[in-house]
Amino acid sequence: MPERKFAIVTDSSCDFPEDYYREHGVACVKLGFMMDGVVYEGEDGQSIDIKRFYQALRGGSMPTTFQISAEQAKHAIEPLVKEGKDVLVVAFSSGLSGTAGSFAVAARELSEQYVGRKILVVDSLCASLGEGLFVDYIVKKADTGASIEETRDYAEGLKQHICHVFTVDNLFHLKRGGRVSAATAVVGSILKIKPVLHVDEKGHLIPIGKAMGRKKSISALADRMKELSTLEADDPIFISHGDCMEDVEFLIKLIREQFGDRTFYVHYVGSVIGTHSGAGTLALFFRGKHR
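Scope of this entry: the structure provided in the associated data block. This is a predicted model, so every value here is computed, not measured.

Inspection of the entire model under this criterion finds 19 salt bridges. Note that Asp-243 is salt-bridged to Lys-51, the shortest N-O span being 2.9 Å. Taken together, the positions of Asp-243 in the loop between β11 (237-241) and α10 (245-259) and Lys-51 in helix α2 (residues 50-58) put the pair 192 residues apart, joining distant regions of the chain. Residue classification places Asp-243 among the buried residues on the basis of a relative accessible area of 16%. The exposure class assigned to Lys-51 is partly exposed, which follows from its relative accessible area of 37%.

Once that is clear, we can look at the environment of Leu-284. Turning to its location among the elements, Leu-284 is positioned in strand β13 (residues 282-287). A relative accessible area of 0% places Leu-284 in the buried class. Considered as a pair, Leu-284 and Val-248 are 36 residues apart in the sequence and their alpha carbons are 9.4 Å apart. Filtering out sequence-adjacent residues up to four positions away, Leu-284 remains in contact with Cys-163, His-164, Val-165, Leu-221, Ala-222, Met-225, Ile-237, Phe-238, Ile-239, Leu-251 and Ile-255.

Following the criterion strictly, the structure yields 10 aromatic pairs and no others. Summarising the aromatic geometry, the rings of Phe-16 and Phe-238 are spaced 6.1 Å apart at their centres and angled 75° between planes, so their arrangement reads as edge-to-face. You can see Phe-16 sitting in the loop between β1 (7-11) and α1 (18-24) and its partner Phe-238 sitting in strand β11, a full 222 residues away along the chain. Relative accessible area serves as the criterion here: at 7%, Phe-16 is assigned to the buried category. A relative accessible area of 2% places Phe-238 in the buried class.

The next subject is unusual backbone geometry. Comment: phi is negative for the bulk of residues other than glycine, and the bulk of peptide bonds are trans. For Asp-36, which is not glycine, the phi dihedral falls at a positive 55°. You can see Asp-36 is positioned in the loop between β3 (32-35) and β4 (38-41). Phi is positive for Ser-128, close to 55°, though the residue is something other than glycine. Mapping Ser-128 onto the fold places it in helix α5 (residues 128-142).

The next thing to look at is the side chain of Ser-128. Accessibility expressed as a relative area gives 5% for Ser-128, which makes it buried. In terms of polar contacts, Ser-128 uses its side chain to reach the side chain of Asp-15, at 2.7 Å. Other than its neighbours up to four places away in sequence, Ser-128 contacts Ser-13, Cys-14, Asp-15, Ser-240, Val-269, Ile-273 and Phe-285.

Moving on, we come to the sheet that holds strand β9 (residues 193-199). Paired through their backbone hydrogen bonds, the strands of a sheet run either parallel or antiparallel. As summarised here, the arrangement of the six strands in space is β10-β9-β8-β13-β11-β12, forming an open sheet in which the pairing is mixed. In this open sheet, the two edge strands, each paired with only one partner strand, are β10 (205-212) and β12 (264-268). Averaged over all pairs of adjacent strands, the angle between their axes in this sheet comes to 20°, without regard to strand direction. As defined by bridge partners, β11 adjoins β12 across five bridges and the pair is classed as parallel. Opposite Ile-239, over in β12, you have Val-266 as the bridge partner.

What counts and what doesn't
Residues numbered from 1 in each chain as written. Predicted model: local features only at pLDDT ≥ 70, side-chain atom pairs only at ≥ 80, totals over all residues. Heavy atoms only, no water. Salt bridge = Lys/Arg side-chain N within 4 Å of Asp/Glu carboxyl O. Helix = DSSP H or I, 4+ residues; strand = E, 2+ residues; numbered from the N terminus. Buried < 20%, exposed > 50% of the residue type's maximum accessible area, 1.4 Å probe, protein only. Contact = heavy atoms within 4.5 Å. Phe/Tyr/Trp six-rings, centres within 6.5 Å; stacked < 30°, edge-to-face > 60°. Polar contact = N/O pair within 3.5 Å; in protein donor to acceptor, adjacent residues only side chain to side chain. Pairing = 2+ DSSP bridges. Axes fitted to C-alpha atoms, helices over the stretch in contact; angles between N-to-C directions.

Following this line, the structure appears as structure tokens:
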């Protein structure tokens, strides 16, 4: 395999486990959150087991999140630049966070300080394992020996084809984030209406439908994939979940019925994204015609 010609930096909104970053040589900057008066993750926060996080959500805890600062972004990028490396940054959607803007500020300041070094920032317009899937494609492209510019251009051409579709079990977390109204949350909970949402071409969370009950909402995810998918034989399918593995297994069964045997990558919705989507979130990510 050709040697990678530059460093890759991303953020923890990818929702990958730590092993992924180590195994693929990707530097990760952590977003953080506060819950019950304690700061977790981020640059200096405490660690927390993901199952404990979801238990806290189900118990009524209401965490709040904070984005990566420009200084935090600089701390991650500068050591790589000092080693003489160019850096490609893949950032959490600017439609959901100011993190991409912080990376852009850091890149501009470091480029002025280290003349001749290339620091390029790609706004993924992705979230959770959608951003993870995007990063995974970029890693594979970089590992072909592509230059930083070639990889950046590949990423810019790919990102509108990283499809995100998801459903949530509880509308009240989306209400807190302004994604649905209070009335919609109350009526939806009473009638067991489950929304189906996606991340649009500007990186925003947008409702695209609703279903009566959990099973139908999960079926709607598989149906959306059938409508949009452009998967080739070696394209993976990513699924993230808010502590609901039985629902993951049901979704995989539906997808296999339509697409045959496929490679799946499954992991939790991380705590920062999970703060806004809630326990029971189920999200599906794949390469498609468009978002």
